[in-house]
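Analysis of the macromolecular model
This is what each chain is made of:
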Amino acid sequence: MSKYALLALDMDGTLLDDDHVVSQETASAIAEAQQAGVTVMLSTGRAIQNALPYAEELGLNGPLVVVNGSEIWRNPQELYMRYLLDREAVQQMLNLSEKYDTWFWAYSTKALYNREKWSGEVNQEDWLKFGYYNEDVDVLAAVLAELQAIGGLELTNSALTNIEINPAGISKASGIRTVCELLGIEMSQAIAVGDSLNDLAVIQQAGLGVAMGNAQDAVKQAADVVVASNNEHGVAEVIRRFIL
């Protein structure tokens, strides 16, 4: 019997290989973990509509943490908690995207928007997450500095070329803590697996924090253990070593 009751998996760069596919080896290991009584869940920066197909594919019927913790779902059909960005801050983020001529995306409760697909009225919608993408590190650093000056924001990334913004204090860690309360377990009974800065807090706070072999260096340094990469079934390794 595993001392861990919950396995929280990041998706991109962790559960999914570089082709955005769950390997057969990983899927089989997840099924075994569930048969062993462990709750396996997704903990992702993606919105619910982008996460659900994978939850269904893997037969995950329990909680989900999506948009980096801005939404916690009790199960795939039932929203439990939602945390919103300040609309004024979202307008400032839009202004920054124009000032620095950078790609952005934004998740509202209604739709996913980006620089080329923008029909959102900032004051008409409820905003969950905002993000920037730029391969110029200087531009990204300048945007980050301005975001820090705005304040009241949780700033992370899901790759070295982006910035992800949630309401202050909202992260995968806060989401997984809420899930633990729902399940009646402690954070010490949770394993969290990830590869990017939006996984950092939960990897630090979970009972076992796991970095993928392809993880950013800061994540590897913070983790209790580093496993194989997302293309080498690292999640299956976690399950074999620490659950089964």
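Here, the structure is the one placed above.
A brief report on the enclosed structure follows.

Each value, and the rule that gives it
Residues numbered from 1 in each chain as written. Predicted model: local features only at pLDDT ≥ 70, side-chain atom pairs only at ≥ 80, totals over all residues. Heavy atoms only, no water. Helix = DSSP H or I, 4+ residues; strand = E, 2+ residues; numbered from the N terminus. Rg over C-alpha atoms; globule rule 2.2 N^0.38 Å. Buried < 20%, exposed > 50% of the residue type's maximum accessible area, 1.4 Å probe, protein only. Contact = heavy atoms within 4.5 Å. Lys, Arg positive; Asp, Glu negative; His and termini not counted. Charge placed at Lys NZ, Arg CZ, Asp CG, Glu CD. Pairing = 2+ DSSP bridges. Axes fitted to C-alpha atoms, helices over the stretch in contact; angles between N-to-C directions. Polar contact = N/O pair within 3.5 Å; in protein donor to acceptor, adjacent residues only side chain to side chain. Parallel < 35°, antiparallel > 145°, perpendicular 65-115°, else oblique. Left-handed = near helix turned anticlockwise from the far one by under 90°. Nonpolar A, V, L, I, M, F, W, Y, C, P; charged D, E, K, R; others polar.

1. Examining the overall build of the protein
Helix and strand counts for the protein stand at eight helices and 13 strands. At 17 Å, the protein has a C-alpha radius of gyration in line with the 18 Å of a compact globule built from 244 residues. A principal-axis box enclosing the C-alpha atoms of the protein has dimensions of 55 × 35 × 30 Å. Burial status across the protein gives 54% buried among its 244 residues. At a minimum sequence separation of 6, the contacts of the protein that also span at least 24 residues come to 55%. On the protein, the mean spot of the 15 positive side-chain charges and the mean spot of the 33 negative ones are 4 Å from each other.

2. Considerations on the sheet that holds strand β1 (residues 6–9)
Spatial ordering of the open sheet is given by β2-β1-β11-β12-β13, a layout of five strands whose pairing is parallel. Single-partner strands in this sheet number two, and they are β2 (39–42) and β13 (225–226). Against the sheet, helix α5 (residues 172–183) makes contact with β1, β2 and β11 (190–194), and its axis sits at roughly 150° relative to β1, the strand it touches most.

3. Description of the side chain of Ser171
Residue placement: Ser171 occurs in the loop between β10 (162–167) and α5. Within polar-contact distance, the side chain of Ser171 engages the backbone nitrogen of Ala173 at 3.1 Å. Look past the residues within four positions of Ser171 in its chain and what remains in contact with it is Asn68, Gly69 and Ala201.

4. Things to note about the packing of helix α3 (residues 87–99) against helix α4 (residues 137–150)
Two elements in contact, α3 and α4, have axes separated by 11 Å at closest approach and are oriented at 160°. Here α4 runs roughly antiparallel to α3, going by the angle between their axes. Here the hand of the crossing between α3 and α4 comes out right-handed. Packed against α3, whose contacting residues are Gln92, Met93, Leu96 and Lys99, the element α4 presents Val143, Glu146, Leu147 and Ile150 at the interface. Taken together, the residues that form the contact of α3 with α4 break down as five nonpolar, one polar and two charged.

5. So, the environment of Glu121
Along the chain, the position of Glu121 falls in the loop between β7 (112–114) and β8 (127–133). Relative accessible area serves as the criterion here: at 52%, Glu121 is assigned to the exposed category.

6. Points about the side chain of Asn68
The residue Asn68 is located in the loop between β3 (64–66) and β4 (71–75) in this model. Among the polar contacts made by the side chain of Asn68, one reaches the side chain of Glu164 at a distance of 2.6 Å. In this structure the side chain of Asn68 is engaged in a polar contact, spanning 3.4 Å, whose partner is the side chain of Asn166. Apart from residues lying up to four places away in sequence, Asn68 is in contact with Thr44, Gly45, Lys129, Thr156, Glu164, Asn166, Ile170, Ser171, Lys172 and Asn198.

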